[in-house]
Amino acid sequence: MARAIRILGRALLWTVVALCCAIIVVPRFLDRIYYRGPATAHFDTARFFNPDGEDTVAPPTGGSRTNFFVRYFLQDDGRPVWPTSVPVTPTKPAARIGGQRMVVTWIGHATVLIQTQGLNILTDPIWAERSGPYGFGPKRATEPGVRFVDLPRIDVVLVSHDHYDHMSLPFLRQLWSRDKPLIVTSLGNDTVMSGVTSVARDWGGRVNVRPRIDVIVTRNHHWGTRWMADRNRALWSSFVVTLPGGNLFFAGDTGFGDGKWPAEARRYGPIRLALLPIGAFRFLPGQMSIASHVGPIESAEVFARLGASRAIAIHWGTFRLSYEARDTPPKLLEAVMKCRTDIGSGRTFTAVAPGAPTEIGPMLQAVPGLKPVTRTGVLRCLDTPQVRALR
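Residues numbered from 1 in each chain as written. Predicted model: local features only at pLDDT ≥ 70, side-chain atom pairs only at ≥ 80, totals over all residues. Heavy atoms only, no water.

A. The arrangement of the overall build of the protein chain in detail. Across its full length, the protein chain carries nine helices and 14 strands. Split into buried and exposed, the 391 residues of the protein chain put 56% on the buried side. In the protein chain, once contacts between residues fewer than 6 apart in sequence are set aside, the share between residues at least 24 apart is 71%. Total accessible area on the protein chain stands at roughly 16,800 Å², and carbon and sulfur atoms take up 58% of it. (Helix = DSSP H or I, 4+ residues; strand = E, 2+ residues; numbered from the N terminus. Buried < 20%, exposed > 50% of the residue type's maximum accessible area, 1.4 Å probe, protein only. Contact = heavy atoms within 4.5 Å. Areas by Shrake-Rupley, 256 points an atom, 1.4 Å probe, with all protein chains shown as cover.)

Quick look at the structure:
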């Protein structure tokens, strides 16, 4: 009986793999047009692209796409084991935080609650058990740090792109039905988000929230799709929220690309807090980044180029999207930041526990005259038994 169940389970798994491969190979019926407009430096009138070079198409292992998906679904690549469930004590945030005081709560993955100036800002909200369509996709390993029912009234929602682990339509619709927040996204994603009202802007576009507070859609380096066939029909982005006392930067989901986009965001004013991804960067042993995702090394470089006073790590430890162990991203980030002697005293980039309210201090002044640290220098500094043991 047990053998029959194992055979049936493998048959079902292979059926799912075959269906996924079929969607990749013959996906025309799933294509959609989300945005129509003139050609730009990152839109060819049909699809968006990264103007600093399109390196996000090939699988992150460098092998074939079919082999990548088969090994991913079968998980036969020697990846370290993740816990099936990570204990979390959910918190109930305050209703509002007034003035220049800023309190930030990482809820999980790229979902963060930022409370300041009497506003409640939420990024890429997802409370789903799986990060994929129709109950498929990677299962949540870490419960949300704030229960959906305990969320205070949300005023502004930032949606970076249309991947399922960042654009969760059921929860966006619940938020819209409950709070009617201002939902800001980039071009085409407003069409994807049926059932809610949102405002879409191109990179550089601005949406006013109230006097002295704007949401600015800014460039990053990624890609978008819901069904593979509709690849890059909608634009991906990061965001700057201009605030008295220092801006907020939300990187969304991003690779490093040309590395110039952090300086573009910095031009809108000094950044008090940056929310930067550090996970899903390793698909082969020893990898430190991939085209679509920054790892801790590149993320620390983004932090330095932003000139931010503080950064909090996101996009790790919630859904298993890649090879590395669950706790490798924060451990590697801690090691990287010890190597980055050029960032300056008091400027911190750390991981925080889900559900733990984090008080963000005031803006810090730049420290001049620090000797730059190159990527080669960081890698040399990281060449220790402790870092080499991280999987």
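And the narrative resumes.
B. Region of interest: the sheet that holds strand β11 (residues 271-277). The mixed open sheet is built from seven strands, whose spatial order is β7-β8-β9-β10-β11-β12-β13. Edge positions in the sheet fall to β7 (206-210) and β13 (348-350), since each of these pairs with one other strand and no more. Each strand axis lies, on average, 15° off the axis of its neighbour in the sheet, ignoring direction. Sheet contacts for helix α6 (residues 296-306): β10 (247-250), β11, β12 (310-314) and β13; angle to β11, the most-contacted strand, approximately 160°. (Pairing = 2+ DSSP bridges. Axes fitted to C-alpha atoms, helices over the stretch in contact; angles between N-to-C directions.)

C. How the structure looks around the nonpolar core. Ranked by size, the top nonpolar core spans 68 residues in total, and within it Leu 158, Phe 249, Leu 275, Leu 276, Leu 306, Phe 349 and Leu 382 carry the most contacts. The element best represented in this core is helix α7 (residues 328-339), accounting for six residues. Excluding residues within four positions of it along the chain, Leu 382 makes contact with Ile 297, Leu 332, Ala 335, Val 336, Cys 339 and Val 387. Formed by 27 residues, the second largest nonpolar core is a distinct cluster that contains Trp 127, Val 159, Val 196 and Phe 319. (Core = buried A, V, L, I, M, F, W, Y, C linked by side-chain atoms within 4.5 Å.)

D. Quick look at α7. The terminal C-alpha atoms of α7 lie 17 Å apart, and with 12 residues this matches the ideal 16 Å at 1.5 Å per residue to within 8%. Of all the 12 residues making up α7, nine are buried; the element is thus mostly covered by neighbouring parts of the structure. Residues of α7 that are buried in the fold lie against α6, β12, β13, α8 (375-381) and α9 (385-388). (Expected span 1.5 Å × (residues − 1).)

E. Spatial organisation of the state of the cysteines. Across all of its chains, the model carries one disulfide by this definition. Here Cys 339 engages in a disulfide with Cys 381; their sulfurs sit 2.1 Å apart. Between Cys 339 and Cys 381, the disulfide has an S-S torsion of -80° and is therefore left-handed. Taken together, the positions of Cys 339 in helix α7 and Cys 381 in helix α8 put the pair 42 residues apart, joining distant regions of the chain. With a relative accessible area of 8%, Cys 339 lands in the buried category. (Disulfide = S-S within 2.5 Å.)

F. Representation of the environment of Ala 229. Residue placement: Ala 229 occurs in the loop between β8 (213-218) and β9 (238-241). Sequence separation between Ala 229 and Leu 30 is 199 residues, and the spatial gap between their C-alpha atoms is 5.8 Å.

G. Structural detail: the side chain of Ser 299. Residue placement: Ser 299 occurs in helix α6. A polar atom in the side chain of Ser 299 sits 2.9 Å from the backbone oxygen of Pro 277. Other than its neighbours up to four places away in sequence, Ser 299 contacts Leu 276, Pro 277, Ile 278, Val 294 and Phe 349. (Polar contact = N/O pair within 3.5 Å; in protein donor to acceptor, adjacent residues only side chain to side chain.)

H. Quick peek at the packing of α6 against α7. Relative orientation of the contacting elements α6 and α7 amounts to 50°, with a least axis distance of 9 Å. When the axes of α6 and α7 are compared, the pair comes out oblique. Regarding α6 and α7, the two cross each other, and that crossing is right-handed. Contacts between α6 and α7 involve Pro 296, Ile 297, Ala 300 and Phe 303 from the first element and Pro 329, Leu 332, Leu 333, Val 336 and Met 337 from the second. Tallied by class, the residues present in the contact of α6 with α7 amount to nine nonpolar, no polar and no charged. (Parallel < 35°, antiparallel > 145°, perpendicular 65-115°, else oblique. Left-handed = near helix turned anticlockwise from the far one by under 90°. Nonpolar A, V, L, I, M, F, W, Y, C, P; charged D, E, K, R; others polar.)

I. Fine view of helix α3 (residues 169-179). Taken together, the buried positions of α3 are Leu 169, Phe 171, Leu 172, Leu 175, Trp 176 and Asp 179. Axial view of α3: buried residues confined to an arc of 165°, hence all on one face. Among the structural elements, β3 (119-123), β4 (156-158), β5 (182-186) and α4 (189-192) are those in contact with the buried residues of α3. Following α3 by one or two positions, Lys 180 has its phi on the positive side, about 50°. (Arc of directions from axis to C-beta.)

J. Fine view of unusual backbone geometry. The phi dihedral of His 109 is positive, around 55°, even though this residue is not glycine. Relative to the assigned elements, His 109 resides in the loop between β1 (102-108) and β2 (111-116). Not every positive phi belongs to a glycine, and Ala 280 is a case in point at roughly 60°. In this fold, Ala 280 is placed in the loop between β11 and α6. Accessibility expressed as a relative area gives 6% for Ala 280, which makes it buried.

K. Spatial organisation of the pairing of β5. In terms of burial, β5 is largely enclosed, as four of its five residues are buried. Note that β4 and β5 share three bridges and pair parallel. Within the sheet, the bridge partner assigned to Leu 158 lies in β5 and is Val 184. Once the chain exits β4 it traverses α3 before rejoining the sheet at β5, and the crossover so formed is right-handed. Here β5 runs beside strand β6 (residues 199-201); their pairing, made up of three bridges, is parallel. Bridge assignment links Val 184 to a residue of β6, and that residue is Val 199. (Right-handed = clockwise from strand over helix to strand, strands pointing away.)

L. The arrangement of the packing of aromatic side chains in detail. All chains considered together, the criterion is met by 12 aromatic pairs. Arranged with centres 6.2 Å apart and planes meeting at 5°, the rings of Phe 239 and Phe 250 form a pair that is stacked. In this pair, Phe 239 sits in strand β9 while Phe 250 sits in strand β10, placing the two residues 11 residues apart along the sequence. Under the relative-accessibility criterion, Phe 239 is labelled buried at 1%. A cation sits over an aromatic face here: Arg 178 above Phe 148, 5.7 Å from the ring centre. The positively charged end of Arg 226 is found above the aromatic ring belonging to Tyr 164, 3.8 Å away from the centroid. (Phe/Tyr/Trp six-rings, centres within 6.5 Å; stacked < 30°, edge-to-face > 60°. Lys NZ or Arg CZ within 6 Å of the ring centre and 35° of its normal.)

Spatial relationships are all this shows, so hold off on functional conclusions.
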